[in-house]
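# Examining the three-dimensional arrangement
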Amino acid sequence: MKKTIFTLAAALCMMACGTKSAETATEASETTATAQQGAGDVAYVQVEAVLAQCDLYKNEGAALQEKTQKAQKSWAQREKNLQAEAAQLQEKYQKGLITTNDAQAQQQSIEKRAVAYQNSAQKEAQTLDEENFVFTNRAQDLLQRAVAAINADKKYKMIVNASALIDADTTLNITPIVLAKVNELYAADQKEAKK
């Protein structure tokens, strides 16, 4: 592992310096990394780790997750406020501080606002669900394309998700290679989208 990191660091240093040998060093480091990781007919990928560490998640997924959490907090607060208002109204009525007609009018107002809130929250939830669905599909597409590119030469007869493994040799782990490829494909997609 240390040898792989050192090789990759050396390749990155050469690329930063702009030398022509950077391409050769990068190809050599990728070959070395591939030879050290996933040496065999079978390889595994820690899919959750790739998805959690990829640039797509860092750039877009974290923001979407934060947006979803804010919406959920907002919904909970609005619901709590409506419940508190209804409880205050009930208390005022029971104490005889407002008339029956006023209590009914205020109760109807609260009910109308509750219905409007529920409709609004439902639409917002549907929008967030759709955004999450699209994000998940994009992440899965990047992952599938990365695995297909890595195995274009049919070196592996089987690549499995590590979540299903009970025990495996770490040399069969191609997670870092897949992560790098996912990030490369994401960068290319972003560059293409800007055109």
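As shown above, the structure is provided for reference.
Sequence positions are assigned chain by chain, starting from 1 and proceeding in written order. Where local features are concerned, this predicted model is filtered to residues with pLDDT of at least 70; where side-chain atom pairs are given and counted, the filter is 80 or more; whole-chain, interface and lining totals use all residues. With hydrogens and water stripped out, all remaining heavy atoms of the structure feed into the side-chain values.

Now for the environment of valine 160. Secondary structure follows DSSP: runs of H or I at least 4 residues long count as helices, runs of E at least 2 residues long count as strands, and numbering of each begins at the N terminus. Along the chain, valine 160 falls in strand E2 (residues 158-161). Given a relative accessible area of 24%, valine 160 falls into the partly exposed group. Valine 160 sits 114 residues away from glutamine 46 along the chain, and the two C-alpha atoms are 8.7 Å apart. Buried residues are those whose accessible area, probed at 1.4 Å on protein chains only, stays under 20% of the maximum for their type, while exposed residues exceed 50% and partly exposed ones sit between those limits.

How far a helix is expected to stretch is found by multiplying one less than its residue total by 1.5 Å. For helix H6 (residues 175-194), spanning 20 residues, the distance from its first C-alpha to its last is 29 Å, which sits close to the expected 28 Å at 1.5 Å a residue. Residues of H6 that are buried: Thr175, Ile177, Val178, Leu179, Val182, Asn183, Leu185 and Tyr186.

To continue, consider the nonpolar core. The nonpolar core is taken to be a set of buried Ala, Val, Leu, Ile, Met, Phe, Trp, Tyr and Cys residues, with the residues joined through side-chain atoms within 4.5 Å. Grouped together as the largest cluster of nonpolar side chains are 31 residues, with contacts concentrated most on Val50, Leu56, Ile174, Val178 and Val182. For this core, the secondary structure elements donating two or more residues are strand E1 (42-45), helix H3 (47-53), helix H4 (55-95), helix H5 (100-150) and H6. Take this core: its biggest share by element is 11 residues, from H5.

The rule for a salt bridge is simple: a side-chain nitrogen of Lys or Arg has to be within 4 Å of a carboxyl oxygen of Asp or Glu. This structure, assessed with the given rule, holds 9 salt bridges. Between glutamate 60 and arginine 138 there is a salt bridge; the shortest N-O distance is 2.4 Å. One end of the pair, glutamate 60, is in helix H4; the other, arginine 138, is in helix H5, and 78 residues separate them in sequence. Of the residues examined, arginine 138 reaches a relative accessible area of 32% and is grouped as partly exposed. Glutamate 66 is paired through a salt bridge with lysine 70; the nearest N and O atoms lie 3.4 Å apart. In this pair, glutamate 66 and lysine 70 both sit in helix H4, 4 residues apart, roughly one turn of the helix. Several salt bridges share partner residues, and in doing so they unite Asp141, Arg145 and Asp189 into one network.

Glancing now at the packing of H5 against H6. Two numbers describe a pair of packed helices, the interaxial angle and the distance between the axes. The N-to-C vectors of H5 and H6 enclose an angle of 115°; their axes lie 9 Å apart at closest approach. Read as a crossing pair, H5 and H6 show a hand that is right-handed. Along the contact surface, H5 presents Arg138, Leu142, Leu143, Arg145, Ala146, Val147, Ala149 and Ile150, while H6 presents Ile177, Val178, Lys181, Val182, Leu185, Tyr186, Asp189 and Gln190. Each residue receives one of three labels: charged for Asp, Glu, Lys and Arg, nonpolar for Ala, Val, Leu, Ile, Met, Phe, Trp, Tyr, Cys and Pro, and polar for the others, Gly being one of them. Of the residues belonging to the contact of H5 with H6, the class tally is 11 nonpolar, 1 polar and 4 charged. Every axis in this analysis is a line fitted to C-alpha atoms, fitted for helices over the stretch in contact. Angles between the N-to-C directions lie between 0 and 180 degrees. Helix crossings are classified by the rotation of the near helix relative to the far one: an anticlockwise turn of less than a right angle makes the crossing left-handed, while a clockwise turn makes it right-handed. Working rule for contacts: check all heavy atoms of both residues, and any pair within 4.5 Å makes them a contact.

Among the secondary structure elements, glutamine 72 is positioned in helix H4. For glutamine 72, a relative accessible area of 45% corresponds to the partly exposed category. For the pair formed by glutamine 72 and alanine 121, sequence separation is 49 residues and the distance between their alpha carbons is 9.1 Å.

The phi dihedral of lysine 154 is positive, around 60°, even though this residue is not glycine. If you trace the backbone, lysine 154 turns up in the loop between H5 and E2.

Structurally, asparagine 151 can be placed in the loop between H5 and E2. Under the relative-accessibility criterion, asparagine 151 is labelled buried at 13%. In this view, asparagine 151 contacts Tyr156 and Ile159; residues no more than four positions away in its chain are not counted.

On to H5. Taking 1.5 Å as the rise per residue, H5 with 51 residues should run 75 Å; its terminal C-alpha atoms sit 73 Å apart, in good agreement. Residues Ala103, Ile110, Tyr117, Ala121, Leu128, Phe135, Ala139, Leu142, Leu143, Ala146 and Ile150 constitute the buried set of H5. Those residues of H5 hidden inside the fold are in contact with H3, H4 and H6.

Such coordinate-based values are descriptive only and should not be taken to indicate function.
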